[in-house]
Amino acid sequence: MRDEKTLISKVLVLDNSSECRKQIRTFCEAQNLQALKVLEENLLSVLRSNVDLGGIMIAEDLGGKPQDGIRLGQQIHALRPELPLFLRRESVQGTNDLSEAEKATFTGVYTIDQIHTLQEVIETSIFSLVYPPQLVRGIAEMTQSSLQSQFKGLAVHIDTPYIVRDRLIFGEIFTLIPIESDWCRGYMTLQAEEAPLLTLVKANKTHIAPVEGDDFRNLNGILGEITNLIWGAFKNRYSAFKPVQAHLAQVPIVINHMHRYISFGSVNPQLCFKCTLSDADNPAMAPLVIYQRFVFNLNWSPEDFHENDQSLDNLVASGELELF
Amino acid sequence: MAQILVVDDSSTVRNEVGDFLKKNGLDVAFGVDGRDGLAKLKADPAIKLIICDVNMPNMDGLTMAEKVRGELGNAAVHIVMLTTENSPAMKERGKAAGIKGWIVKPFNGDAVLGSFKKLIGA
């Protein structure tokens, strides 16, 4: 379903058995899942703050009684219904003994000796969209060069791209731009915290004067221009330069500020890149983290994916003047 | 009195391009969109070169270029687009409007300074 080498996803593991956690971790590694152990008492704060989860694995006997994990699963499901939950059962196979509401809570159930049976449901619930590896690599390249052009003397690190199902908003600055082509339609978002961006402006690491950082609109503008650069590069590389059909379908985008939650009206997983910018000469300076997400909620036809030939005569290298 | 008018809705780009040109001894004015760019051009007859984005609110850069040649009847000022766009159709529209050149962002001042100076006769 996905390129084995380029995409991962993160899952929280709520399980008190160290032996089971070990087996779960081994299984996850084989599935390109990064298993993150979390204590039950920290769960709610992790769920409120963690913006890049693909799912949660939970043991039914979490608190010592069989129903504890199931009840907690129902609470998590109510809070974050977009996250698939996988229930580890102690001895009972399947879900015949569970109520309909309990069954609906969990995307998959397993016993530890049958954990391999989760493989298929993970493919369909977490890695359910095919992302061509050329696309994933290309986005990382164009993001890297766009970031480098807008910050002076900073190291840009992009984590291995991953799949997320959560819909949480990170930080205070959020950009959103439509991505339109003949094979995909959706949105790209960039999300960042204001404080570290302001620190970089004050340290004269951007193209705006340090004093201009006092106006938050200038900070918005930095992320806006990065968005514009990546959007343009995406279009130039992956769109067919054909007019997009008129009267295309749209769906409302809903943002709930109370829950820092954004819905694009689709349950599709999102492609996420975590970009970290840091100053090697000043390690004490807080790094700027930018989350870049792609949600192809309106059309996703990877079978029609194509990359424009960059060697065409009419494609001049970025930054150079093409005289007419 | 400016030699070059930079028109871009992004303050980051205006700062980046403007600072670079000023450091290299050129006089620069700014517009925040196509409509504002037209007004600035009308008000300053000394402008010899417009560096202009395509995608802007209120009036896009290609429409502005067409109005410079059409409504203003100004055939003398040079116009160079600085944009993320690289579509052949857009470039053709730009050529038809008498645009002199096209730069795909990000801006690389060192690569284009010599050409800018030639265009304004500096």
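Parameters and conventions
- Residues numbered from 1 in each chain as written.
- Chains lettered and ligands numbered in written order.
- Predicted model: local features only at pLDDT ≥ 70, side-chain atom pairs only at ≥ 80, totals over all residues.
- Heavy atoms only, no water.
- Helix = DSSP H or I, 4+ residues; strand = E, 2+ residues; numbered from the N terminus.
- Rg over C-alpha atoms; globule rule 2.2 N^0.38 Å.
- Buried < 20%, exposed > 50% of the residue type's maximum accessible area, 1.4 Å probe, protein only.
- Contact = heavy atoms within 4.5 Å.
- Areas by Shrake-Rupley, 256 points an atom, 1.4 Å probe, with all protein chains shown as cover.
- Lys, Arg positive; Asp, Glu negative; His and termini not counted.
- Charge placed at Lys NZ, Arg CZ, Asp CG, Glu CD.
- Axes fitted to C-alpha atoms, helices over the stretch in contact; angles between N-to-C directions.
- Parallel < 35°, antiparallel > 145°, perpendicular 65-115°, else oblique.
- Left-handed = near helix turned anticlockwise from the far one by under 90°.
- Nonpolar A, V, L, I, M, F, W, Y, C, P; charged D, E, K, R; others polar.
- Polar contact = N/O pair within 3.5 Å; in protein donor to acceptor, adjacent residues only side chain to side chain.
- Core = buried A, V, L, I, M, F, W, Y, C linked by side-chain atoms within 4.5 Å.
- Pairing = 2+ DSSP bridges.
- Buried area = accessible area lost by both parts, 1.4 Å probe.
- Salt bridge = Lys/Arg side-chain N within 4 Å of Asp/Glu carboxyl O.

*Asks:* Go over the overall build of chain A, please, and point to the residues and values.
*Replies:* For chain A, the helix and strand inventory stands at eight helices and 14 strands. Since a compact globule built from 324 residues should have a radius of gyration of about 20 Å, the 22 Å found for chain A is in line with a globular shape. Seen through its principal axes, chain A has C-alpha atoms that stretch 75 × 45 × 35 Å. The buried share of chain A, taken over its 324 residues, is 52%. Of all intrachain contacts in chain A linking residues separated by at least 6 positions in sequence, the fraction that spans at least 24 positions is 73%. Taken as a whole, chain A presents about 14,600 Å² of accessible surface, with 52% of it coming from carbon and sulfur. Computing the positive centroid from 28 side-chain charges and the negative centroid from 40, chain A places the two 4 Å apart.

*Asks:* Explain the packing of helix α3 (residues 61-69) of chain B against helix α4 (residues 88-96) of chain B residue by residue, including any values.
*Replies:* Residue and element names in this part refer to chain B. The interhelical angle for the contact between α3 and α4, taken along N-to-C directions, is 15°, at an axis separation of 9 Å. By the angle class used here, α3 and α4 are roughly parallel. α3 and α4 meet at a crossing whose hand is left-handed. Here α3 contributes L62, T63 and E66 to the contact with α4, which in turn contributes M90, R93 and G94. Per-class residue counts for the contact of α3 with α4 are two nonpolar, two polar and two charged.

*Asks:* Which residues make up the side chain of R185 of chain A, and what values go with them?
*Replies:* All names here are of chain A. Inspection of the secondary structure assignment puts R185 in strand β9 (residues 184-192). Accessibility expressed as a relative area gives 6% for R185, which makes it buried. In this structure the side chain of R185 is engaged in a polar contact, spanning 3.1 Å, whose partner is the backbone oxygen of A249. With residues up to four places along the chain from it excluded, the contact list for R185 reads I179, E180, L248, A249, Q250, V295, F296, N297, L298 and N299.

*Asks:* Residues and numbers for the nonpolar core, please.
*Replies:* Soluble globular proteins tend to bury their nonpolar side chains together. If you look at the biggest cluster of nonpolar residues, it comprises 63 residues, and the most contacted ones within it are F151 and F234 of chain A. The biggest single contributor to this core is helix α8 (residues 216-238) of chain A, with eight residues. Contacts of F234 of chain A, omitting those with residues within four sequence positions, involve L135, I139, M142, I179, W183, C184, S239, F294 and F296 of chain A. Ranked by size, the runner-up nonpolar core spans 23 residues in total, among them C52, V54, V68 and V77 of chain B.

*Asks:* Just give me the short version of the pairing of strand β4 (residues 85-89) of chain A, but keep the residues and values in it.
*Replies:* All names here are of chain A. Of all the five residues making up β4, five are buried; the element is thus mostly covered by neighbouring parts of the structure. The alternating pattern of β4 places L85, L87 and R89 on one face and F86 and R88 on the opposite face, and all of these are buried. With four bridges joining them, strand β3 (residues 55-59) and β4 adopt parallel strand pairing. Its bridge partner lying in β4, I58 is registered against L87. Two elements, β4 and strand β5 (residues 108-111), share four bridges in a ladder whose sense is parallel.

*Asks:* How would you explain the interface of chain A and chain B if you had to name every residue and give the values?
*Replies:* If you look at the interface, chain A gives 27 residues, while chain B gives 28 residues. Interface area lost by chain A to chain B is led by G319, L321 and F324 of chain A, which between them contribute 28%. Inspection of the chain A/chain B interface yields three salt bridges. Put simply, E85 of chain B and K235 of chain A hold a salt bridge, and the shortest N to O gap is 2.4 Å.

*Asks:* If you had to explain the environment of L98 of chain A to someone new, which residues and values would you point to?
*Replies:* Residues and elements named next belong to chain A. In this fold, L98 is placed in the loop between β4 and α4 (100-105). On a C-alpha basis, the gap between L98 and I70 in space is 9.3 Å, while along the polypeptide they are 28 residues apart. In this view, L98 contacts I70, L87, R89 and K103; residues no more than four positions away in its chain are not counted.

*Asks:* How would you sum up unusual backbone geometry? Please name residues and give values.
*Replies:* Peptide bonds are, in most cases, trans, and in most cases residues other than glycine have a negative phi. With omega at 10°, the peptide bond leading from K105 of chain B into P106 of chain B counts as cis. Tracing the backbone shows P106 of chain B in the loop between β5 (101-104) and α5 (109-120). Positive phi, close to 50°, is recorded for R260 of chain A, a residue that is not glycine. Here R260 of chain A is to be found in the loop between β10 (254-256) and β11 (261-263).

*Asks:* Quick rundown of the sheet that holds strand β3 (residues 49-52) of chain B? Include the residues and the values.
*Replies:* Strand pairing in a sheet relies on backbone hydrogen bonds, with the paired strands running either antiparallel or parallel. Taken in spatial order, the six strands of this open sheet run β14(A)-β5(B)-β4(B)-β3(B)-β1(B)-β2(B), and their pairing is mixed. Among the strands making up the open sheet, the edge pair consists of β14 (321-323) of chain A together with β2 (28-31) of chain B. Recorded for the sheet is a direction-independent mean angle of 20° between the axes of neighbouring strands. Sheet analysis places strand β1 (residues 4-7) of chain B next to β3 of chain B, joined by four bridges and oriented parallel. In the strand pairing of β3 of chain B, V6 of chain B is matched with I51 of chain B. α5 of chain B contacts β14 of chain A together with β1, β3, β4 (78-83) and β5 of chain B of the sheet and is inclined by roughly 140° relative to β3 of chain B.

*Asks:* Go over the side chain of R293 of chain A with me, naming the residues and quoting the values.
*Replies:* If you trace the backbone, R293 of chain A turns up in strand β13 (residues 288-300). There is a polar contact of 2.8 Å between the side chain of R293 of chain A and the side chain of Q270 of chain A.

*Asks:* So, helix α2 (residues 34-43) of chain B: which residues are in play, and what are the values?
*Replies:* Residues and elements named next belong to chain B. For α2, the set of buried residues is G34, D36, G37, L38 and L41. Contact partners of the buried residues in α2: β1, β2, β3 and α3. For α2, the N-terminal capping position is held by D33, with its side-chain oxygen 3.1 Å away from the main-chain nitrogen of R35.

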